[in-house]
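Structural description and commentary
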Amino acid sequence: MVRTTVIGAGTLGIKIAGYLAYRGHEVRIYDSNSAMLNTVNQRISEDARIFKEDGIMANSQFLGDVYCFSKLEDAIRESLFIFECIPEDLTLKKEIFKLIAQHCNDRAILASNTMRLNVEKIFENIECKERCLGVRFLFPVYYVPEVEITPLRAYTSVETLEKVRQFLEKMGQIAFFRAGNEPIVLNEQQRNSRKEACIKQIMEGKSMSNRFSQNIPNLGGVLTIGGQNSLNLSQTISADNEDMSVNGDRQSLIIRNNECVICMDNQRDCVLHPCHHLCVCIKCGRLLLKRTDSCPICRRPISNAFRIYHS
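In this text, all values refer to a predicted model and were calculated from it rather than measured experimentally.

**Side note on the pairing of strand β7 (residues 146–151)**
- Buried residues dominate β7, accounting for five of its six residues.
- Where strand β6 (residues 132–137) and β7 come together, five bridges link them in antiparallel fashion. The residue bridging Leu133 from the neighbouring strand is Pro151, located in β7.
- In this fold, β7 hands off to helix α7 (residues 158–169), which returns the chain to strand β8 (residues 174–177); that crossover is right-handed.

Structural data, given as structure tokens:
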């Protein structure tokens, strides 16, 4: 059990808090609105009832505890992960994180669930930038495995990224870097496919920690480009390597399945050059190239995108 804090008792904050508690963590919810805090247990219980009826939860009993706080200092005391879920207002977010940084544990990781605001600006007045980043759970959280990570490029430490990755993966979540400036928003079909996958895993009696496939393609060896030329991929990522790190840098947060990390619909069939990462479909790869975006995994500039054909 890890002590966590969720800042903001809105719709998404409640679902994040409920999911963390369901997975066995101690959750402290802070909100300045006492009326919102008074309905926390009711809303979490209602979510549990609905997801239990839908077959998403093996049972409606949460393993962790949820506590409500109207005083910020008490809510964040000794918490190791602090997730901010307040409205998308840059000034409000900067102010709340300034207060959090003054009172939080010196090991606490500070994460904003912002969808469109620049995380660099959110944390620009914070001294402990090495422990700050964006961590966005995709709605409705309980049956969506992907979690979008946006590090502060010059500040967020590898240690912080690794702690976040391990924390998420122990709950069966998959961390991935945001590609470009636009956030990923799942449509109804994508949400339903994840819901069906979650129900299937539970019906098959698989543990929650393994409820989603975590197969990562092996990037070693020779792959055929365009059916004619061959490209030797020098970097190899082994599916047996537990920490999934490459040269010890941020590439350890690679999404662990065979779906494109951008559209999450198509199969990965595009190698980005010069980093040689196989993480997107050819359609999204060409879009990244057109927009002069960087690689979603290592953030290196992209000079070309090659289609591969799986044998």
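**Concerning the pattern of salt bridges**
- Counting across every chain of the model gives 17 salt bridges.
- One salt bridge in this structure joins Arg131 and Glu130, with 4.0 Å as the shortest N-O distance.
- Judged by its relative accessible area of 14%, Arg131 is buried.
- Across the salt bridge formed by Lys163 and Glu159, the nearest N and O atoms sit 3.4 Å from each other. In this pair, Lys163 and Glu159 both sit in helix α7, four residues apart, roughly one turn of the helix.
- Linked through salt bridges whose partners overlap, the residues forming this network are Arg3, Glu26 and Arg28.

**Considering helix α8 (residues 188–203)**
- Its 16 residues place the ends of α8 22 Å apart at the C-alpha level, agreeing with the 22 Å of an ideal helix rising 1.5 Å per residue.
- For α8, every residue scored as buried is listed here: Gln190, Arg194, Cys198, Ile199, Gln201 and Ile202.
- Those residues of α8 hidden inside the fold are in contact with α3 (40–54) and β7.
- Between the side-chain oxygen at the start of α8 and the backbone nitrogen of Gln189 there is a gap of 3.2 Å, and the oxygen is on Asn187.

**Points about the environment of Phe137**
- Here Phe137 lies in strand β6.
- Owing to a relative accessible area of 2%, Phe137 belongs among the buried residues under this scheme.
- For the pair formed by Phe137 and Ile149, sequence separation is twelve residues and the distance between their alpha carbons is 9.1 Å.
- Contact partners of Phe137, with chain neighbours within four places excluded, come to Leu12, Ile16, Phe83, Asn113, Val147 and Leu168.

Definitions and cut-offs
- Residues numbered from 1 in each chain as written.
- Predicted model: local features only at pLDDT ≥ 70, side-chain atom pairs only at ≥ 80, totals over all residues.
- Heavy atoms only, no water.
- Buried < 20%, exposed > 50% of the residue type's maximum accessible area, 1.4 Å probe, protein only.
- Helix = DSSP H or I, 4+ residues; strand = E, 2+ residues; numbered from the N terminus.
- Pairing = 2+ DSSP bridges.
- Right-handed = clockwise from strand over helix to strand, strands pointing away.
- Salt bridge = Lys/Arg side-chain N within 4 Å of Asp/Glu carboxyl O.
- Expected span 1.5 Å × (residues − 1).
- Contact = heavy atoms within 4.5 Å.
- Polar contact = N/O pair within 3.5 Å; in protein donor to acceptor, adjacent residues only side chain to side chain.

Take it as geometry only, folks, not as evidence of what the structure does.
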